[in-house]
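# A structural walkthrough
Here is how the chains run, residue by residue.
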Amino acid sequence: MKWLMVVMLSCLFLPLYGQSDTTKIVLWWLEAGVNNSFKYSYSPPSWGSTNPNMVNWPVGVHSSSLFGGTLSCGFSRQISSNFYVESGVELLFHRHNSHCDMDSIRDYCDSTGVEVAYNVDANKVTSQVHIALCYSVNRFSFALGANIPVFIIDSYLYTYTSYTKKFTSHQWLWDYPFPSVWLGCSIGYKILPQFEIKGSYNWFTSKTFRYRRDFSLGCRYNF
């Protein structure tokens, strides 16, 4: 992992040397898209369980990832006729929802007097650095790289039968274990000289995110 980062950074910042007729090309780009982990799970009721490691919960809970978004910008630097390295910054927006049957929750609260949230909306906004090695042929482009989260904002909205509660937390790069990076691959298709459709798959190396995988589809504008 460390050697991969060193190689990509070296390609970015070290001067390029070659024949006198070699032309260095730098392109800037702006990209926006949607993302989802496409994850769903159901936790059955465990109230009254004799398992000491299981948290008691009066009803089943449905958990699912929702559509979020990405916004990024940066530059691409050509290193040969078909190979180039790109770098930039990205904002990643993840959404997640957990909910259970409101009637069952109300019955439980009325009988015990304990308030339990029947709906939880969780949002995560991450600012990160993007680095990738790319190969292009004809209208297609392929990339392998990593996104390094720098700052993460978590927000939660808990909905109870009688009130709502909000919670927000912040994390910096040094607050989560190393290595905590997104490793990803993508494929792009140029529909116009300056516009490109890109699909990507990313996998996170730690459990900092609820779901360790992420699919995204976006459009890139090169200028």
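Structural notes, computed from the coordinates. Values in this document were obtained by computation on a predicted structure and should not be read as measured data.

## Some words on the pattern of salt bridges
Overall, the coordinates contain three salt bridges when judged by the stated rule. Of the charged contacts in the structure, one is a salt bridge between E31 and R220, with a shortest N-O distance of 2.9 Å. Separated by 189 residues along the polypeptide, E31 in strand β1 (residues 26–36) and R220 in strand β10 (residues 213–222) bring together distant segments of the chain. We note a salt bridge from K124 to D154, for which the minimum N-O separation is 2.6 Å. Highlighted residues: K124 in strand β5 (residues 119–137) and D154 in strand β6 (residues 140–159), separated in sequence by 30 residues.

## Quick notes on the pairing of β6
Consecutive side chains of a regular strand alternate in pointing toward one face of the sheet and then the other. By the bridge criterion, 19 bridges tie β5 to β6 in an arrangement that is antiparallel. What sits directly across from Q128, in β6, is P149. Connecting β5 to the next strand, β6, in antiparallel fashion are two residues, including N138 with a positive phi near 55 degrees. Relative to strand β8 (residues 182–190), β6 is paired through eight bridges, and the arrangement is antiparallel. Residue pairing in the sheet places F140 in a bridge with Y189 of β8. Pairing analysis gives nine bridges linking β6 to strand β7 (residues 164–172), with the strands arranged antiparallel. When the sheet's bridge partners are listed, F151 is paired in β7 with W172.

## Re the layout of surface pockets
Using a probe with the size of a water molecule, rolled over the atoms, empty space left in the structure can be pinpointed. By volume, the largest pocket is sized at about 370 Å³. In terms of lining, the largest pocket is formed by 19 residues, of which the most central are L27, S76, Y84, S136 and K190. Of all the elements in the fold, those that place two or more residues in the lining of the largest pocket are β3 (61–78), β6 and β10. A per-element tally of the lining of the largest pocket places β3 first, with three residues.

Calculation criteria
- Residues numbered from 1 in each chain as written.
- Predicted model: local features only at pLDDT ≥ 70, side-chain atom pairs only at ≥ 80, totals over all residues.
- Heavy atoms only, no water.
- Salt bridge = Lys/Arg side-chain N within 4 Å of Asp/Glu carboxyl O.
- Helix = DSSP H or I, 4+ residues; strand = E, 2+ residues; numbered from the N terminus.
- Pairing = 2+ DSSP bridges.
- 1 Å grid on protein atoms, 1.4 Å probe; cavity = no way out; pocket = protein on both sides within 12 Å on 5 of 7 lines; lining within 4 Å.
- Points joined across faces, edges and corners; volume = space filled by probe spheres on them.

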